[in-house]
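One-letter residues, chain by chain:
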Amino acid sequence: MVLEIMCGQIKKIREFFPLLTEQKSANIVYFDNASTTLKPISVIQKMAEVYRNYPVNVHRGAHSLGEQASVEYEKAREKIRQFINAKSTKEVILTKGTTEAINLVAHSFGERYIRRGDEVILTQMEHHANIVPWKMFCDKIGAVLKVVPFTSDGVLDLTTYKKLLSPKTKIVAVIYVSNSLGTINPISTIIQDAHAVGAKVLIDGAQAVAHFPIDVQALDIDFLCFSGHKMYGPFGIGVLYGKENLLEEMPPFLGGGGMIQNVSFDSISYSSLPNKFEPGTPPIASVIGLGEAINFIKTIGFENIQKREEHLTAYTKNVLKGITDLKIFGDSPMRCPVFSFNLNGIHPHDISTFLDQKGIAIRSGHHCNQPIMKYYKVPATNRVSLSFYNSEDEINYLAEVLQQARIFFL
Amino acid sequence: MKQKNYLDLYQQTILSHNKTPKNFGKMTNPCCSIDGQNQMCGDYVSLHLTFDKHRPLRDLLINLSFEGEGCAILIASTSMMTELLKDKNIAEIKELIIEFKKILHGEIEYSQRLGDINIFAGLAKFPSRKQCAILSWDTLMKGINN
């Protein structure tokens, strides 16, 4: 089923989401999608089905319930493979989320390939999740972090990036879509340039996966990390895609059951991919729920999502620009519907509490982007982030309440 | 009800303290300065304290000022705290900080000694904003205990 999401049909789309339709919450205007997207009923029901009908462990024992759980679990991995067009399910490692996936690469790729004096390139607009693991690793072994700056428009300075690249560069770790600025970074160019000097590239795709398709083979991505809960799926499940040859070479990250072939007190041999990186009992219902979220995205269709969100992005930008004393941070021509702004010097916490009292949920704070806050010389910003299910009426209402807040705090 | 009360709370007292905070600014030769930061959002305060040197125990706080960056709740809470605690001794200050926290957490409904500061009881329903109100009080308590 393919749905054309036109303005008049938005009501139908919203019916997929209990939070938007159930009486006690139906009036909430949810503008915090970059933090987490809402969950459609199909995902909620699928997870309940797991807990109700086959609430058992995977890859263990020989009973048929366990078999059913394992089949559903591996089906979800196959859906994820298709979703990002990986060559093989061996390249799809299930993690707790984007953060764990990046930590896995920093630790494991780092241990195998990065030595004292080598360089790791990040950008100034990374989420802390793509800064802290690298900083911890580099400090431990004496490698050097290099940072690609961005311009006041919130666009990466690729000239400086090219200058930073050298044979010393072992990996470039870049956010695909900025969670504060909405900027879509030109990762195709970034990857080609990195590969030209022999460096690998990790893409933090947490903010991208819900908005447009990602083809890891076409883009030649070495590592892609993302989270289920930012793409209409459950919390506690994320994905690390890695090229098979790299993952094969990398040592395990966490140790435990399920990732070994043989264990003795003298030696251990590890399982093949993807199990080598998946010790312990996984969040089975969440993995299967993520598979269902992918079904949901397919049902709506990325073509529809992109068309709708491009419209909402332009509409929101226009409306926000019409508000006196409102300053938007970042103005990339390539962007997702994520807007950071300040209003007349009013502290973002005060704005967000005011909006909350009027039924609008936004995020205020540094959004795990302290280097971005430092660049713009603000302690925090307000952030409005949309999804295709948001409506023009909601954006108009936001503008009206922001005008009220401006006067209230005068 | 909640909406009206909460926005009223902002409007009546907090906004005026936020706009023109009392005892805001540097202090020449304070006895000590203590910094506090809200890890969640990066807001911060620096408290500057001067105790009466002529008293044997030097436990009377005769001057108190603050600098910092934060939301209306943080600035107002700090401003009102500096007004309340001036000319109090350390034992009284500790008692008042504890009393403030009780008000904030809804453990007591009203404190005679806190006066206007009782309005922060309205934050009991907003756990995420309690951190803003409490930062300076916690910072001061930590400083005194050290």
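See above for the structure.
As the structure is a prediction and not an experimental result, all values here were calculated from the model. (Residues numbered from 1 in each chain as written. Chains lettered and ligands numbered in written order. Predicted model: local features only at pLDDT ≥ 70, side-chain atom pairs only at ≥ 80, totals over all residues. Heavy atoms only, no water.)

## Quick word on the overall build of chain A
Helix and strand counts for chain A stand at 15 helices and 15 strands. Along the three orthogonal principal directions, the C-alpha set of chain A runs to about 70 × 55 × 35 Å. Burial status across chain A gives 58% buried among its 410 residues. About 16,600 Å² of surface is accessible on chain A, with carbon and sulfur atoms providing 54% of the total. (Helix = DSSP H or I, 4+ residues; strand = E, 2+ residues; numbered from the N terminus. Buried < 20%, exposed > 50% of the residue type's maximum accessible area, 1.4 Å probe, protein only. Areas by Shrake-Rupley, 256 points an atom, 1.4 Å probe, with all protein chains shown as cover.)

## Focus on the environment of Glu99 of chain B
All names here are of chain B. Tracing the sequence through the fold places Glu99 in helix H3 (residues 90-104). Residue classification places Glu99 among the buried residues on the basis of a relative accessible area of 19%. Along the chain, Glu99 and Gly42 lie 57 residues apart, while their C-alpha atoms are 26 Å from each other. A distance of 2.5 Å separates the side chain of Glu99 from the side chain of Ser111, its partner in a polar contact. (Polar contact = N/O pair within 3.5 Å; in protein donor to acceptor, adjacent residues only side chain to side chain.)

## A look at the sheet that holds strand E14 (residues 363-365) of chain A
Sheet strands line up and pair through hydrogen bonds in the backbone, either parallel or antiparallel. Residues and elements named next belong to chain A. Spatial strand order, E11-E12-E15-E14: 4 strands in an open sheet with antiparallel pairing. What marks the edges here is a single partner per strand, and that holds for strand E11 (326-329) and E14. Put simply, the sheet's adjacent strands are angled 35° from each other on average, direction ignored. Bridge analysis of E11 against strand E12 (residues 338-343) gives 4 bridges, and the strand direction is antiparallel. Paired with Lys327 across the two strands is Asn342, which belongs to E12. On the sheet, helix H12 (residues 302-321) packs against E11 and E12 and is oriented at approximately 5° with respect to E12. (Pairing = 2+ DSSP bridges. Axes fitted to C-alpha atoms, helices over the stretch in contact; angles between N-to-C directions. Contact = heavy atoms within 4.5 Å.)

## Quick look at the sheet that holds strand E3 (residues 60-69) of chain B
Residue and element names in this part refer to chain B. The antiparallel open sheet is built from 4 strands, whose spatial order is E1-E2-E3-E4. Strand pairing shows two members of the sheet lacking a second neighbour, strand E1 (32-37) and strand E4 (88-89), which therefore form its edges. Contacts from helix H2 (residues 72-85) reach strand E2 (44-51), E3 and E4 within the one sheet, and its direction differs from that of E3 by about 170°. Sheet strands in contact with helix H4 (residues 127-145) are E1 and E2, and its direction is about 45° off that of E2.

## Some words on the interface of chain A and chain B
It is common to give the size of an interface as the accessible area lost on bringing the parts into contact. Taken together, the contact between chain A and chain B spans 13 residues of the former and 21 residues of the latter. Between chain A and chain B, the buried area comes to about 1,500 Å², and carbon and sulfur atoms account for 57% of it. Three residues, His349, Gln357 and Phe408 of chain A, lead the burial of chain A against chain B; their summed loss comes to 39% of the area buried on that side. Where chain A packs against chain B, one counts 1 salt bridge. (Buried area = accessible area lost by both parts, 1.4 Å probe. Salt bridge = Lys/Arg side-chain N within 4 Å of Asp/Glu carboxyl O.)

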